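Secondary and tertiary structure notes
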Amino acid sequence: MNKNIIIGINLGDFGSTGNIMRSTLEFANKKGPFDYLIIVPKSAGKKNTYAYKESNTFLDKIDRWIIHKSIGNPDGFFEHRATKRIIKKIKTTSKSYDHIIIHLHNIHMASIDLRILFKFLAKFKPIDKIFYTIHDCWPFTGGCYCYNFVGCHNWIYGCKCSCIQKYGTNKLNVSKMWSLKKKYTLLLKNKATLIAVSDWILNELRASFLKEFDIVRIYGGTKIKRLNFVDTKLKINLGISNQNVILTISSYWNDWKGQKYIYLLAEKLPINYIIIVVGGSFKTFDYKNIIHVKDVSHDVLSHYFSIADVYLSTSQNESLGLTTCEAQICGVPVVAFGHTAIKETFNSKTGFCVGEENNIEKMLNAIELIVEKKPFDVAEIIKNGEKFDIDNCSKEYLNLYNKVIFKN
């Protein structure tokens, strides 16, 4: 009997991309004939994990110092010695298996050198197939993760203009970064299939240099489960009595996450409404109707959804937008501007898309309509949300893996 393994590589074993990687590989291990290994910079103490940066030697520090002095901090072309440890681990692991699948996820944030890794993956014959899930726009830009909210299309033509968002490094500019990504990623085109996490990101890929790859769309998934009760204790702890709760969640807040629109909305809300902002760093200033909760584990998020009347998305750019999916799984209707892929996550039976012109009055009217008229059926909301359950995502990934092993 053949022995098969899937090796997943990601920037971490945490957050949405880490959860998708581990959940799908554990599913393949349980439902299919696959062992798995997860390769990440640092270990979170979970099983089947290799942490390639934990041996932080003196030579590693010298290597980083040289790169910083010569070209700054080139996202995606850094950590030479650590990347070689990844390669060594893949080589030694492969000796015990008949079929090897590599599944790349987010591999940026200066934690890996794509030149070294992609040259190796393209030539290493024991690898049967490479899958590369595109979770954001970084793989085909000169450095940014999103560009829609500033109206930039330079990534299509090579990021040859001065970067609107000032990405890049002191000597390695965004045009050079774009060229390096194109050169080394295209080495994989005969061996790799790209997986887009939404139709929007799929269409962006088809406009980029990555259009030369085979591309499929598999929606990202979440492990969240709906509570069958309202967590009244949480409401008491947050100091909420009879207010209508508007919930919004992000791991960080900035312009493209639409933080300014939360303040604008807070200024117009009736007195019996309150906004709960979960995650990241967010200043409430003197707004009495905004509560910020910085650190909430994913396991606890369902408790916050249980007390919400409306889920709010002010984001200007998302490759999918899993929090709107999670809200619906928990039976909470959505109000969003509907930029990029966010509009794919809900429909006219589960929320209001108030338009990409960022009109706060329309958003406020939609929120009040949901609270006062309750126009949406909870069962419909949950049904739509369940399309983004991690098990559905995992089944589609497993089908891809099985096609590689059972291709005959």
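Here the structure is shown first, and the text comes after it.
Attention here is on the structure that accompanies the text. Every value quoted in this text rests on a predicted model; they were computed, and no experiment measured them. (Residues numbered from 1 in each chain as written. Predicted model: local features only at pLDDT ≥ 70, side-chain atom pairs only at ≥ 80, totals over all residues. Heavy atoms only, no water.)

1. Here's the deal with the overall build of the protein chain
Within the protein chain, the secondary structure is distributed over 14 helices and 13 strands. For 408 residues, the compact-globule formula gives about 22 Å, and the C-alpha radius of gyration of the protein chain, at 22 Å, lands near that figure. Along the first, second and third principal axes, the C-alpha atoms of the protein chain reach 65 × 50 × 40 Å. The buried share of the protein chain, reckoned over its 408 residues, is 58%. Counting only contacts in the protein chain whose residues sit at least 6 apart along the sequence, the fraction spanning at least 24 positions is 68%. For the protein chain, the exposed surface amounts to about 18400 Å²; the carbon and sulfur share of it is 50%. (Helix = DSSP H or I, 4+ residues; strand = E, 2+ residues; numbered from the N terminus. Rg over C-alpha atoms; globule rule 2.2 N^0.38 Å. Buried < 20%, exposed > 50% of the residue type's maximum accessible area, 1.4 Å probe, protein only. Contact = heavy atoms within 4.5 Å. Areas by Shrake-Rupley, 256 points an atom, 1.4 Å probe, with all protein chains shown as cover.)

2. Here's the deal with the packing of helix α1 (residues 15–31) against helix α14 (residues 390–405)
For the pair α1 and α14, the least separation of the axes is 9 Å and the interaxial angle reads 60°. Classed by the angle they form, the pair α1 and α14 counts as oblique. The interaxial crossing formed by α1 with α14 has right-handed handedness. Contacts between α1 and α14 involve Ile20, Ser23, Thr24, Leu25, Phe27, Ala28 and Lys31 on the former and, on the latter, Ile390, Asp391, Cys393, Ser394, Lys395, Tyr397, Leu398 and Tyr401. Of the residues contributing to the contact of α1 with α14, the split by class is nine nonpolar, three polar and three charged. (Axes fitted to C-alpha atoms, helices over the stretch in contact; angles between N-to-C directions. Parallel < 35°, antiparallel > 145°, perpendicular 65-115°, else oblique. Left-handed = near helix turned anticlockwise from the far one by under 90°. Nonpolar A, V, L, I, M, F, W, Y, C, P; charged D, E, K, R; others polar.)

3. Structural notes on the pattern of salt bridges
Taken as a whole, this structure holds 13 salt bridges when the rule is applied. As a salt-bridge pair, arginine 217 and aspartate 199 come within 3.1 Å of each other at their nearest N and O atoms. Remark: aspartate 199 occurs in helix α7 (residues 199–207) and arginine 217 occurs in strand β7 (residues 214–217); sequence separation between them is 18 residues. Look at arginine 217 and you get partly exposed, because its relative accessible area is 29%. Exposure remark for aspartate 199: the relative accessible area of 31% places this residue in the partly exposed category. Salt bridges here are not isolated pairs; linked through shared partners, they connect Asp13, Arg22 and Glu26. (Salt bridge = Lys/Arg side-chain N within 4 Å of Asp/Glu carboxyl O.)

4. Points about the layout of surface pockets
There is about 450 Å³ of room inside the second largest pocket. Ala308, Asp309, Gly331, Pro333 and Val378 are the residues nearest the centre of the second largest pocket, which is lined by 26 residues in total. Put simply, the parts of the chain that give the lining of the second largest pocket at least two residues each are β8 (244–249), α10 (301–306), α12 (360–373) and α13 (378–385). Top element by residues in the lining of the second largest pocket is α10. It accounts for three residues. (1 Å grid on protein atoms, 1.4 Å probe; cavity = no way out; pocket = protein on both sides within 12 Å on 5 of 7 lines; lining within 4 Å. Points joined across faces, edges and corners; volume = space filled by probe spheres on them.)

5. A word on the environment of leucine 238
Within the secondary structure layout, leucine 238 lies in helix α8 (residues 232–238). On the basis of relative accessible area, leucine 238 is assigned to the buried category, the value being 18%. Those residues in contact with leucine 238 that lie beyond four places of it in its chain are Ile276, Ile291, Val293, Tyr304 and Ile307.

6. As for the environment of valine 371
Of note, valine 371 is situated in helix α12. When the C-alpha atoms of valine 371 and isoleucine 246 are compared, they prove to be 9.8 Å apart, with 125 residues separating the residues in sequence. The residues touching valine 371, leaving out its near neighbours within four places in the chain, are Asn244, Tyr273, Asp309 and Val310.

7. Notes on the packing of aromatic side chains
Taken as a whole and judged by the stated rule, the model has 18 aromatic pairs. Relative to tyrosine 132, the ring of phenylalanine 118 has its centre 6.4 Å away and its plane inclined at 70°; by these criteria the two rings are edge-to-face. You can see phenylalanine 118 sitting in helix α4 (residues 114–123) and its partner tyrosine 132 sitting in strand β5 (residues 127–134), a full 14 residues away along the chain. The residues phenylalanine 118 and tyrosine 132 share a single accessibility class, namely buried. Relative to tryptophan 256, the ring of tyrosine 252 has its centre 5.8 Å away and its plane inclined at 65°; by these criteria the two rings are edge-to-face. Residue tyrosine 252 is classed as partly exposed on the basis of its relative accessible area, which comes to 38%. Positioned above the aromatic ring of tryptophan 138, the side-chain terminus of lysine 181 is 3.7 Å from the ring centre. Across the ring face of tyrosine 219, the terminal group of arginine 217 is positioned such that the distance to the ring centre comes to 3.9 Å. (Phe/Tyr/Trp six-rings, centres within 6.5 Å; stacked < 30°, edge-to-face > 60°. Lys NZ or Arg CZ within 6 Å of the ring centre and 35° of its normal.)

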